Amino acid sequence: MSIETASGETSPTFARSARGHRWRKVVPRPRHPKADPTMQANFKTGFSDLIASTTAEVPAGKRLRLLFEDEASFGRISELRRCWAPPGVRPTVHAQQVRDHPQALAAVCPQDGRLSWSLTPHLNAAATSTFLAVTRRRFPQDYCAILLNGAGSHIARTPRVLKHMRLVFLPPYSPELNPVEPLWDHIREKYFADRLFSTLDAVEQRRRTAFADLEASPTLVKSITNFNRVKSPGLM
C-alpha cells in the first residue's frame with residue numbers, strides 16, 4: 001500500500017483492519033528528493049571495504065577510531081513537542097519565532113559512545129578546522145576517520161585536516177546515513193522542547209548542559225547512534 005493511501009484513509013474499518021495486521025501509525029522517515037538510492041546502497045554494502053582500506057592507513061601505535069560528524073542549529077525558535085497530560089487537558093507553553101541560529105558541531109564514535117563537540121556562532125571552513133583540532137585533541141591516541149556530509153563549510157574552502165586524521169564524505173543528500181542525526185533529535189526533545197529562551201546566552205548554556213550530560217553518558221550515546229552498519233569489530 002502506498003504512503004498516500006495509508007495516510008489518507010481514515011475510516012474506522014481501515015483502522016481496525018490495520019491494527020489487526022499489527023500496523024501502527026508512524027511518522028515516515030524523510031528522504032531528500034535529490035538523494036541517490038543506488039549511491040546510498042553502494043555506501044552501505046561497501047562500508048566494510050572502506051573500513052579495511054582506512055585501517056591499512058593507520059600507523060603503528062595508533063588505533064582506528066570511526067567518527068561521524070554533523071552540525072545543527074539551536075536557536076530561539078520554540079520547538080513544540082508532545083508531552084504528558086491528564087485526560088481532557090491540552091497544555092499551553094510560551095512560544096516565539098526569534099531567528100537566531102548559533103551552530104553546534106559534534107563528532108560521535110558509535111562503537112563506544114564517546115564524542116567531541118564545539119559551539120560556534122557561524123558555520124564556515126574556519127569553524128570546521130577549529131572543530132577538527134578539538135577532535136584531534138580529544139582522541140590523541142587514535143587515527144580518526146571522520147565521516148561527514150558535503151556541506152559548503154566542508155568543501156568550499158578545504159578545512160585544515162591534521163595529522164592522523166582522514167575525512168570521508170557520505171553520499172550527498174543522505175542525512176539518514178549519519179548516526180549523529182538521531183542525537184540531534186534527542187537533544188531537541190530532552191533539552192529544548194516546549195521551552196522558551198529569552199537570550200542566546202540561555203541557548204548556549206542549554207547546549208553546554210546537553211553535551212556535558214552526553215559526555216557523561218557514553219552508553220546512552222552508543223544506544224542512540226550505533227546503527228547496525230557501523231557495528232564493525234575492532235573499531236573504536
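Residues numbered from 1 in each chain as written. Predicted model: local features only at pLDDT ≥ 70, side-chain atom pairs only at ≥ 80, totals over all residues. Heavy atoms only, no water.

## Thoughts on unusual backbone geometry
The test is simple: Per the convention used, a helix needs a DSSP run of H or I reaching at least four residues, while a strand needs a run of E reaching at least two, with both numbered from the N terminus.
Of note, Arg 22 is a non-glycine position whose phi angle comes to about 65°, a positive value. Within the fold, Arg 22 resides in the loop between helix 2 (12-20) and helix 3 (37-45). Not every positive phi belongs to a glycine, and Tyr 173 is a case in point at roughly 55°. Mapped onto the fold, Tyr 173 is located in the loop between strand 7 (165-169) and helix 7 (180-192).

## Overview of empty space enclosed by the protein
Rolled over the atoms, a probe as big as a water molecule pinpoints where empty space is left. Rule in force here: Cavities and pockets were defined on a 1 Å grid built from protein atoms only: a cavity is a group of points that admits a 1.4 Å probe but offers it no way out, a pocket is an open group of points flanked by protein on both sides within 12 Å along at least five of seven lines, and a lining residue is one with an atom within 4 Å of any such point. Grid points are joined across faces, edges and corners, and a volume is the space filled by probe spheres set on the points.
One pass over the full model with this rule turns up one cavity of 30 Å³ or more. Lining the largest cavity are Gly 75, Arg 76, Ile 77, Ser 78, Glu 79, Gln 96, Phe 192, Arg 195 and Phe 197.

## A closer look at the state of the cysteines
For clarity, the threshold we go by: Cysteine sulfur atoms are paired as a disulfide whenever they come within 2.5 Å of each other. The rule is simple: take the accessible area with a 1.4 Å probe, protein chains only, and divide by the maximum for that residue type; under 20% is buried, over 50% is exposed, in between is partly exposed.
In the structure shown here, the tally under the stated rule is zero disulfides. Cys 109 takes part in no disulfide bond, and the closest cysteine sulfur, belonging to Cys 144, lies 8.8 Å away. Its relative accessible area of 0% is what places Cys 109 among the buried residues.

## Looking at helix 5 (residues 125-138)
To keep things clear, this is the line we draw: Given the number of residues in a helix, its expected span is that number minus one, multiplied by 1.5 Å.
Its 14 residues place the ends of helix 5 20 Å apart at the C-alpha level, agreeing with the 20 Å of an ideal helix rising 1.5 Å per residue. Buried within helix 5 are the following residues: Ala 125, Ala 127, Thr 128, Phe 131, Leu 132, Ala 133, Thr 135 and Arg 136.

## Some thoughts on the packing of helix 7 against helix 8 (residues 200-215)
So the rule is basically this: The convention used is that axes are lines fitted to C-alpha atoms, helices contributing only their stretch in contact, and that angles between N-to-C directions extend from 0 to 180 degrees. Should an angle fall under 35 degrees it is taken as roughly parallel, and over 145 as roughly antiparallel, whereas 65 to 115 is taken as roughly perpendicular and any remaining angle as oblique. Each helix crossing is assigned a hand: it is left-handed if the near helix lies turned anticlockwise from the far helix by less than a right angle, otherwise right-handed if that turn is clockwise. The contact criterion used is simple: two residues touch if any of their non-hydrogen atoms lie within 4.5 Å. When residues are sorted by character, Ala, Val, Leu, Ile, Met, Phe, Trp, Tyr, Cys and Pro go into the nonpolar class, Asp, Glu, Lys and Arg into the charged class, and all the rest, Gly among them, into the polar class.
Remark: helix 7 packs on helix 8, axes separated minimally by 11 Å, with the N-to-C direction vectors making an angle of 120°. Taken as axis vectors, helix 7 and helix 8 run oblique relative to one another. Crossing geometry of helix 7 relative to helix 8 is assigned as right-handed. Side by side, helix 7 and helix 8 meet where Leu 183, Trp 184, His 186, Ile 187, Lys 190, Tyr 191 and Phe 192 of the first sit next to Val 203, Arg 206, Arg 207, Thr 209, Ala 210, Phe 211, Asp 213 and Leu 214 of the second. Across the contact of helix 7 with helix 8, the residue classes break down as nine nonpolar, two polar and four charged.

## Overview of the nonpolar core
Note the threshold: Among buried residues, those of type Ala, Val, Leu, Ile, Met, Phe, Trp, Tyr and Cys that are joined through side-chain atoms within 4.5 Å constitute a nonpolar core.
The biggest cluster of nonpolar side chains holds 34 residues, and the ones touching the most others in it are Phe 47, Phe 74, Leu 147, Trp 184, Ile 187 and Phe 211. At the level of secondary structure, the elements contributing two or more residues to this core comprise helix 4 (47-55), strand 1 (63-73), strand 4 (103-108), strand 5 (115-120), strand 6 (142-148), helix 7, helix 8 and helix 9 (218-225). Look past the residues within four positions of Phe 211 in its chain and what remains in contact with it is Ala 104, Ala 106, Leu 115, Trp 117, Leu 119, Trp 184 and Ile 187. The next biggest cluster of nonpolar side chains, apart from the first, holds 12 residues, and it includes Leu 105, Cys 109, Ile 146 and Leu 167.

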